[in-house]
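Breakdown of the fold
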Amino acid sequence: MTDFLTNLLHTMPSAEEWLLFLMTNGLAYVAARNTVLRRARRQQEKFLAQERREIEVERALYTDSYRQKEKLADEYWEMIKKQSDQIYDLTAQLHCAQQIHLN
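For the structure given in this document, a descriptive report is provided here. Note on numbering: residues in each chain are counted from 1, in written sequence order. At least 70 in pLDDT is required for a residue's local features to be given in this predicted model, at least 80 for side-chain atom pairs to be given and counted, and no such filter applies to totals for whole chains, interfaces and linings, which use all residues. Side-chain numbers here rest on the full set of heavy atoms in the structure, without hydrogens or water.

1. Observations regarding the overall build of the protein
The test is simple: Under the DSSP-based scheme used, a helix requires at least four consecutive residues in state H or I and a strand at least two consecutive residues in state E, with every element numbered from the N terminus. With the radius of gyration taken over C-alpha atoms, the globule rule is written as 2.2 Å times the number of residues to the power 0.38. Exposure classes here rest on a 1.4 Å probe applied to the protein chains alone. A residue is buried below 20% of its type maximum, exposed above 50%, and partly exposed in between. His residues and chain termini do not enter the charge count, which takes Lys and Arg as positive and Asp and Glu as negative. Charge placement uses NZ in Lys and CZ in Arg. For Asp and Glu, CG and CD serve respectively.
Along the protein, the regular secondary structure elements total two helices and zero strands. Against the globule reference of 13 Å for 103 residues, the protein gives a C-alpha radius of gyration of 44 Å, more extended than a compact globule. Projected onto the principal axes, the alpha-carbon positions of the protein cover approximately 145 × 20 × 15 Å. When burial is assessed residue by residue, the protein has 0% of its 103 residues classed as buried. Where the 14 positive side-chain charges of the protein centre and where its 15 negative ones centre are 3 Å apart.

2. Focus: the environment of I55
With respect to the helices, strands and loops of the structure, I55 is situated in helix α2 (residues 15-102). Placed 45 residues apart in sequence, I55 and H10 show a C-alpha to C-alpha distance of 68 Å.

3. Notes on the environment of A73
Here A73 shows up in helix α2. Look at A73 and you get partly exposed, because its relative accessible area is 41%.

4. Looking at the pattern of salt bridges
Definition in use: We count a salt bridge whenever a side-chain nitrogen from Lys or Arg sits within 4 Å of a carboxyl oxygen from Asp or Glu.
Evaluation of the coordinates by the stated rule reveals two salt bridges. For the salt bridge of E56 with R52, the shortest nitrogen-to-oxygen distance reads 3.4 Å. Placement of the pair is E56 and R52 together in helix α2, with a separation of four residues, close to one helical turn. According to the relative accessible area criterion, E56 is partly exposed, its value standing at 40%. Its relative accessible area of 53% is what places R52 among the exposed residues. Between K81 and E78 there is a salt bridge; the shortest N-O distance is 3.5 Å.

Written as structure tokens, this is what we have:
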């Protein structure tokens, strides 16, 4: 039994070896964690970039639609002005005709 304990004590790592072992494992853990976090960040950045592209496309469609509607509204406004002018001219002609008929 004494031989076993003596052998065990002689084969056990020293304090420096334990410290080196713990520091190496700690460093490996930190490196692995950073790799996982970096990978997750890249995936999130890809997702956000895709979302941004989709939003920009949607914005462009809405902007184009808005411009088309604005152009159509301007065309309608021009038509309304022309019809208003025509109504004004016809009203003036009607008043002239009434004046001639009354005289």
